[in-house]
Amino acid sequence: MKAAAWLLVCAGFLLSSSSIADEECRYDDKPPYRSFILEGYSEASARHYFDTAPIDNWEGIWLMTETGERVSIERFKDVRFSEIFTHRIVKLESSVRTETPMGTVVGYLTRGVEANTCFVWLYKHRLTGSILIKPKRYSARLTTDLNGIVFWGNKTKNLGDLFDPRSGFVKIYPQQLPDDTENREIRYL
């Protein structure tokens, strides 16, 4: 019993100290060690953003083909992050991983070497319940029709990983129109 109590105290200290470190850190070449949760985030707010903002080809609501999770990929700016971090990946819905709440940032995109390529950082492990940890970087590119994200040159899935790099994403919303280089014309309000 004493060992279990000691373990809980140590885990609580680690979690509280990591949250302090996360708030004080600057992320230049790697994302935070653990995920953030965006309070009040919803699919309706994500769709509203995609309907009213000039978005790029990476932005939208995507289906993770391995798990069936729906995620939102959107541009973001945060002074704690280097400018190489261009987008964040936010969980919307999942029937598989219900312990991770909607609004959890499950990954980030950083600039790639060529057009329509990027590096995708996805959290690989779960610490407890909703806390995701240890982001891992994957090479990715958009498909030619701009409605899919394919991962290449990545190692196979390890037991215990949350994400299999051999699977990809399929765009659900907004669908890319044929012969368009962007999803829509810029709207002026």
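Heads up: the structure comes first, above all this text.
As a starting point, this report considers the structure included with it.

## Some words on the side chain of S35
Argument step 1. By the secondary structure assignment, S35 is in the loop between α1 (2-24) and α2 (43-52).
Argument step 2. With relative accessibility at 5%, the residue S35 sits in the buried group.
Argument step 3. Not counting residues up to four positions away in its chain, the partners in contact with S35 are T104, V105, Y123, S130, I131 and L132.

## What to know about the sheet that holds strand β2 (residues 70-75)
Argument step 1. As summarised here, the arrangement of the eight strands in space is β1-β2-β3-β4-β5-β6-β7-β8, forming a closed barrel in which the pairing is antiparallel. Neighbour-to-neighbour, the strand axes of the sheet open up by a mean angle of 35 degrees, direction not taken into account.
Argument step 2. Inspection of the sheet shows β2 paired to strand β3 (residues 85-93) by six bridges, in the antiparallel sense. Within β3, the position partnered with R75 by the bridge is H87.
Argument step 3. Sitting on the sheet, α2 touches β1 (60-64), β2, β3 and β8 (169-173), and the angle it makes with β2 is about 40 degrees.

## Thoughts on the nonpolar core
Argument step 1. Core analysis: the largest hydrophobic core is formed by 37 residues, its most contacted members being I89, Y108, V120, I149 and F169.
Argument step 2. At five residues, strand β5 (residues 117-128) tops the list of elements feeding residues into this core.

## Remarks on the pattern of salt bridges
Opposite charge on two side chains allows them to pair when their charged atoms are near.
Argument step 1. Taken as a whole and judged by the stated rule, the model has nine salt bridges.
Argument step 2. With a shortest N-O distance of 3.0 Å, R75 and E59 are connected by a salt bridge. Placement of the pair is R75 in strand β2 and E59 in the loop between α2 and β1, with a sequence separation of 16 residues.
Argument step 3. According to the relative accessible area criterion, R75 is partly exposed, its value standing at 37%.
Argument step 4. Here E59 falls in the buried class, since its relative accessible area comes to 0%.
Argument step 5. In this structure, the salt-bridge partner of R70 is E93, at a minimum N-O distance of 3.8 Å. In this pair, R70 is assigned in strand β2 and E93 in strand β3, connecting sequence segments 23 residues apart.
Argument step 6. Through salt bridges with shared partners, a single ionic network connects E43, R47, R70 and E93.

Analysis parameters
Residues numbered from 1 in each chain as written. Predicted model: local features only at pLDDT ≥ 70, side-chain atom pairs only at ≥ 80, totals over all residues. Heavy atoms only, no water. Helix = DSSP H or I, 4+ residues; strand = E, 2+ residues; numbered from the N terminus. Buried < 20%, exposed > 50% of the residue type's maximum accessible area, 1.4 Å probe, protein only. Contact = heavy atoms within 4.5 Å. Pairing = 2+ DSSP bridges. Axes fitted to C-alpha atoms, helices over the stretch in contact; angles between N-to-C directions. Core = buried A, V, L, I, M, F, W, Y, C linked by side-chain atoms within 4.5 Å. Salt bridge = Lys/Arg side-chain N within 4 Å of Asp/Glu carboxyl O.

Remember that the coordinates give geometry; whether it matters functionally is a separate question.
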